[in-house]
Amino acid sequence: MSATTPKSPQLATLPTRDGASSRILQPSGWPMPKGYANGVAAEGRIVVTGGVIGWDAEERLADGFVAQVRQTLSNIAAILAEGGARPEHLVRLTWYVVDMDEYLANLKALGQIYREIFGAHYPAMALVQVVRLVEKAARVEIEATAVIPR
């Protein structure tokens, strides 16, 4: 009896639009994701955020889910800038939401806000519904990882 090795899908690495050192990983034959990447490979200095929520410098939460997402993404952009990173250096975002239906009902607005703040660069992303966040009135919390090219 001979052993066979299962064939895995071929992996395409697509250059990012901005020429950064990260590459989008897209297995051949898979449908192109919309608004995120299946995977990203990158080399360089890592910048990581903690869980970021939609409050301002005075710790006042924005009113409502969409407004909190806008403030959260703006806060992430500010943290990245502090670390010398730009939105095109993002390789991963993990979203924690308290209501998945609220997220799904606002996809168009969220996409527009995302593009206003980060442009058309879509890193690998995960979306998780949680029971609640540390700040009771927070509707969303996002962690970000960026890699600045060497």
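Please read all numbers here as calculations on a predicted model, not as lab measurements.

### Comments concerning the nonpolar core
Next up, step 1: By size, the foremost hydrophobic cluster in this structure holds 22 residues, and its most contacted members are Leu73, Ile76, Leu90 and Trp95.
Next up, step 2: At the level of secondary structure, the elements contributing two or more residues to this core comprise α1 (65–82), β6 (90–97), α3 (107–118) and β8 (140–148).
Next up, step 3: Those residues in contact with isoleucine 76, other than ones at most four positions away along the chain, are Val52, Phe118, Ile142 and Ala144.

### So, the environment of arginine 86
Next up, step 1: By secondary structure assignment, the location of arginine 86 is in the loop between α1 and β6.
Next up, step 2: Between the alpha carbons of arginine 86 and phenylalanine 118 there is a distance of 8.4 Å; along the sequence they are 32 residues apart.
Next up, step 3: Reaching out from arginine 86, the side chain makes a polar contact with the side chain of glutamate 88 at a distance of 2.4 Å.

### Considering unusual backbone geometry
Next up, step 1: Here the phi dihedral of glutamate 59 falls at roughly 60°; this positive angle occurs in a residue that is not glycine.
Next up, step 2: Mapped onto the elements, glutamate 59 comes out in the loop between β5 (52–53) and α1.

### Description of the side chain of histidine 89
Next up, step 1: Tracing the backbone through its elements, the reader meets histidine 89 in the loop between α1 and β6.
Next up, step 2: Apart from residues lying up to four places away in sequence, histidine 89 is in contact with Gly84, Thr145, Ala146, Val147, Ile148 and Pro149.

### Considerations on α3
Next up, step 1: Taking 1.5 Å of rise per residue, twelve residues should cover 16 Å, and α3 covers 16 Å from first to last C-alpha, within 8% of that figure.
Next up, step 2: Listing the buried residues of α3 in full gives Leu110, Gly111, Ile113, Tyr114 and Phe118. When α3 is viewed along its axis, its buried side chains cluster within an angular range of 165° and face the same direction.
Next up, step 3: For α3, the elements touching its buried residues are α1, β6, α2 (100–105) and β7 (124–129).
Next up, step 4: Positive backbone phi, at 75°, marks glycine 119, one or two positions downstream of α3.

Conventions adopted
- Residues numbered from 1 in each chain as written.
- Predicted model: local features only at pLDDT ≥ 70, side-chain atom pairs only at ≥ 80, totals over all residues.
- Heavy atoms only, no water.
- Core = buried A, V, L, I, M, F, W, Y, C linked by side-chain atoms within 4.5 Å.
- Buried < 20%, exposed > 50% of the residue type's maximum accessible area, 1.4 Å probe, protein only.
- Helix = DSSP H or I, 4+ residues; strand = E, 2+ residues; numbered from the N terminus.
- Contact = heavy atoms within 4.5 Å.
- Polar contact = N/O pair within 3.5 Å; in protein donor to acceptor, adjacent residues only side chain to side chain.
- Expected span 1.5 Å × (residues − 1).
- Arc of directions from axis to C-beta.

On their own, these measurements won't tell you what the molecule is for.
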